[in-house]
Amino acid sequence: MGNARVRMLASVAALGLLPALFVVETQAHAEPTAGRTASGAVLQADQLQAGHPRYRATIVRTRHGIPHITADSFGSLGFGSGYATARTDGCTLADVLLTARAERSYYLGPRKHYDDRVSMAGTNLQSDALVTDLHNRHVVEKLLRDPVAGPGRQARAMVRGYAAGINTYLRDIGGVRHYHDRACRGAAWIKPNVRPIDIWYGVYLANILASTGHFLPQIVGASPPTPSDPGLPIDLASAAFATVPARLPSRSALLKGLGKDPDSAFGSNATAVGSAVTSTGKGMLLGNPHFPWVGRYRFTQQQLTIPGRYDIAGASLIGSPVVNIGWNNDVAWSHTVSTAYRFTPYEYQTVVSPATYLYGGGLRTLTHDVVHVRVKGGKTVTAGMYRTPQGYVIDDPADLMGWTPLGFFAIRDANGEQLRTIDTFLNMAKAHTVRGLLKRQDAGGGMPWVNTIAADRAGHVLYADHSVVPNVSDALAQKCMTPIGRVLQKIAGLPGLDGSRAAGACRWGTDSDAERPGIFGPKNLPLEVRDDWVMNSNDSYWLPNPAQPLEGYARIIGCEQCVRTLRTRMVDHYVMDRLATGKLITPRSFRGTEHQNRVYGAELMSKGGALVQLCRNADGGDACPVLAHWDLHSNTSSRGNQIFEEFVKRIPTSGLLGLLPGPQIWKVPFDKSDPVGTPRELNPQSSAAIKAMKDGIAYLRAHHIPMDATWGSLQVAGDRGAPPIPLGGGLGDQAGNANALQSEAPGPQSNKSRYKAIDYGSSHIQAIAFLPHGGLLARTILTYGQSEDPRSPWSSDQTRMFGKKRWVHFAFTPRQIRRQEISRQVVSAPY
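Okay, so let's go over this structure. (Residues numbered from 1 in each chain as written. Predicted model: local features only at pLDDT ≥ 70, side-chain atom pairs only at ≥ 80, totals over all residues. Heavy atoms only, no water.)

### Quick word on the overall build of the protein
Here is step 1: Within the protein, the secondary structure is distributed over 23 helices and 36 strands.
Here is step 2: Against the compact-globule benchmark of 28 Å for 831 residues, the protein has a radius of gyration of 27 Å, which places it among compact chains.
Here is step 3: Overall, the C-alpha framework of the protein stretches about 85 × 80 × 55 Å when taken along its three principal axes.
Here is step 4: Burial analysis of the protein (831 residues in total) assigns 63% to the buried set.
Here is step 5: Across the protein, contacts joining residues at least 24 apart in sequence account for 70% of those joining residues at least 6 apart. (Helix = DSSP H or I, 4+ residues; strand = E, 2+ residues; numbered from the N terminus. Rg over C-alpha atoms; globule rule 2.2 N^0.38 Å. Buried < 20%, exposed > 50% of the residue type's maximum accessible area, 1.4 Å probe, protein only. Contact = heavy atoms within 4.5 Å.)

### Observations concerning the state of the cysteines
Here is step 1: A full pass over the atoms with the stated rule returns four disulfides.
Here is step 2: Each sulfur of the disulfide joining Cys-615 and Cys-624 lies 2.2 Å from the other. Between Cys-615 and Cys-624 the disulfide shows an S-S torsion of about -95 degrees. By sign, it is left-handed. Side by side, Cys-615 and Cys-624 carry an identical accessibility label, which is buried.
Here is step 3: Here the protein pairs its bonded cysteines, counted in sequence order, in the arrangement 1-2, 3-4, 5-6, 7-8. (Disulfide = S-S within 2.5 Å.)

### What about the packing of aromatic side chains?
Here is step 1: Counting across every chain of the model gives 24 aromatic pairs.
Here is step 2: Their ring planes at 65 degrees and their centres at 5.8 Å tell us that Trp-293 and Tyr-784 sit as a pair that is edge-to-face. Separated by 491 residues along the polypeptide, Trp-293 in the loop between strand S8 (284-292) and strand S9 (299-306) and Tyr-784 in the loop between strand S34 (776-782) and helix H22 (797-803) bring together distant segments of the chain. Tyr-784 matches Trp-293 in its accessibility class, with the two residues each being buried.
Here is step 3: Seen from their ring centres, Tyr-386 and Trp-403 are 5.2 Å apart, and the 85 degrees between their planes marks the pair as edge-to-face. In this pair, Tyr-386 is assigned in strand S17 (residues 380-387) and Trp-403 in the loop between strand S18 (393-394) and strand S19 (407-413), connecting sequence segments 17 residues apart. Taken as a pair, Tyr-386 and Trp-403 share a single burial class, namely buried.
Here is step 4: Among the aromatic residues, those joined into a ring-pair cluster are Tyr-348, Tyr-357, Tyr-359, Tyr-386, Trp-403 and Phe-408.
Here is step 5: Positioned above the aromatic ring of Tyr-341, the side-chain terminus of Lys-260 is 4.9 Å from the ring centre.
Here is step 6: For Arg-374, the ring lying beneath its charged end belongs to Tyr-106, and the centroid distance is 4.1 Å. (Phe/Tyr/Trp six-rings, centres within 6.5 Å; stacked < 30°, edge-to-face > 60°. Lys NZ or Arg CZ within 6 Å of the ring centre and 35° of its normal.)

### Describing the side chain of Lys-260
Here is step 1: Here Lys-260 shows up in the loop between helix H9 (251-257) and strand S7 (267-273).
Here is step 2: No salt bridge is formed by the buried Lys-260. Its closest oppositely charged neighbour is Asp-465, at 8.2 Å.
Here is step 3: Of the polar contacts made by the side chain of Lys-260, one reaches the backbone oxygen of Ala-340; its length is 3.0 Å. (Lys, Arg positive; Asp, Glu negative; His and termini not counted. Salt bridge = Lys/Arg side-chain N within 4 Å of Asp/Glu carboxyl O. Polar contact = N/O pair within 3.5 Å; in protein donor to acceptor, adjacent residues only side chain to side chain.)

### Details of the pairing of strand S12 (residues 331-337)
Here is step 1: Summarising burial for S12: seven of the seven residues are buried, a large majority.
Here is step 2: Covered by surrounding structure in S12 are Val-331, Trp-333, His-335 and Val-337 together with Ala-332, Ser-334 and Thr-336, the residues of both alternating faces.
Here is step 3: Here two bridges tie strand S11 (residues 325-327) to S12, and the two strands are oriented antiparallel to one another. Bridge pairing links Trp-327 to Ala-332 in S12.
Here is step 4: Turn length for the S11-S12 hairpin, with the two strands adjacent in sequence and antiparallel, is three residues. (Pairing = 2+ DSSP bridges.)

### Digging into helix H19 (residues 641-648)
Here is step 1: With eight of eight residues buried, H19 lies mostly within the body of the structure.
Here is step 2: Taken together, the buried positions of H19 are Asn-641, Gln-642, Ile-643, Phe-644, Glu-645, Glu-646, Phe-647 and Val-648.
Here is step 3: Contact partners of the buried residues in H19: helix H16 (600-606), helix H17 (610-617), helix H18 (623-629), helix H20 (687-702), helix H21 (711-714) and strand S31 (756-758).

Structure, rendered in structure tokens:
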């Protein structure tokens, strides 16, 4: 086909006359001369030949509906992934795109509450206003054009293919009116013309969940004080930073306000064991993200293969064409939510008016973005947001960052300045060692908000927090913190900086090895490679292995020499207790720790009969004999776990994240020289502990919960349409349960009448063991099943297995896939 034909098709595409599925993916190999559409899509001359499908993929589903997608290009691989995801998780996928297009108010109503179940929460109007402003300013489009902060060729190809796959699936079933899931069948907000830019905006919103997205109401609702407010500065001499109020928020309240909610179930466990301690002499990985069971942060399993070139399996967040947590033939990895902040607040002093502020030695006026949002019923609503060169103004007085007559705060968001996340995950999957994995992650520079824990075939293990972190050294923080900024730093570890010098002396630093300005480079981020073991359970980077603490890093990344949560200590003990027996760790013993359901807090508090004595001191009555006979586990057959959970939820807390039972209940306090062993020894005479036990028992009685009921009769699955499947596991940080499960907001069809209907926590669990003579063992469980449709056979099948402590034998090799095959489909987008 000649160049004239290419130019003609490019022109037609630019005019919007070609369907989205006809946008050609960029191939990973060397490309011939090509035309470019207005949207930046490359039209490949070698792919525009008559009769040649632009995208083609084979989708083989194995047991439990797991798709194994094979293609000959990254574009077609993304195409197969989009097609497969649209089939099993179409309602949630469409909702992600609805948010990314800023159309929630138009289809669902402006006042309806929006909550991504992790961080971004507000009304549909607030969500649409923020996203509309991003669209109006072409934030993502500019990043797509950025050669440093924007995605590479293969990532673009996968996203274009992913969008085309969604469109083709809807076309193949005859449109949304034929969609199998009744929850969204025929919904007007599901569109058959998904564009790649819709996917990219969805990725961008996921990147900023721990930063800009968290402050949604505070950004959209920010408004200046009126000129009549008393005390408004009228000249330069009166400009001053806000003073510290006499009454400060509690640590837990401030952490919640800053996106580090102590009571949130959002987190993870991951442990990697290496050749020095394994029976195989190779690496093993056990990963368990604690994520929502519904909504946009739900995982879907898949395997992506380009024969002889690319082969990765694992789980992807809905809306992601690449595997986010997984393994290939040589290396496996998982992630845990990091303690590092992704933003810093800048404080600005106002003069003359509340929109005029000191900046760089002069005066500057706030940018006021006015957006128009279409709402249900055909009306248009106007909203406004304010910005400085650093980012959005927030009005957040509860967290000491209100807009007052003296000044205001704006946040700079490190993840708002990059669109490299898809590249990062795509290229990590090409690694063959843990060091190679991290090298590829660092080259991507787009790991948004998680630690990485990995193991490889050679027997090495890795812990790293090489995520996107603002380059605010402790020295810079000390030089630039305002009075309020110092309070934020002291209570929550977040420095608040001087906005008047944000473009100069208080600008984020730049490391020579960083992928772009403003973030820490690898040399200033925590890293540990060993041949025995590493772990993380959402505490800071300080102790990936107790034998070698990591120290000397910036405070904005996390704390050092600080108390560990009970969940962290439980995960440590799963490895330490096995090694203490003199036995090596086997694949079976390693993955078995996932379902042991030990409750470490109860183990500590029961020593010497202290827990039962505390119950008696609290006049616990029939609860005390139950606790005396409790097996200190949260198995479905255990009796007494409900008493312990209600007790520990009421203990006054302390510690870095406000998660830990306060020091007044322990006889032995925290000792930084023994961080895994302290604090310990419950004080049964503690008035705080007695009150917590008394109140917890009273709650159970008031709600008619039997003290001796089996745990499985009380804790059941609670995601959309799930039957009352008994589940083991339980409260994480407060109780010390590694198999962390929580009831946040069970769906309308859930088993709400039960004591605890689970819709959050253990999600895509993977146990990967590399074998001595090649090959690997891959055992997984997707706790809520592959399909979100309750009528699908893949909805609750894995949930039942999870409740019975069973594993899915994930088919990885061609032979294993053939043996488990239940369906095969070749999908394409032809001319």
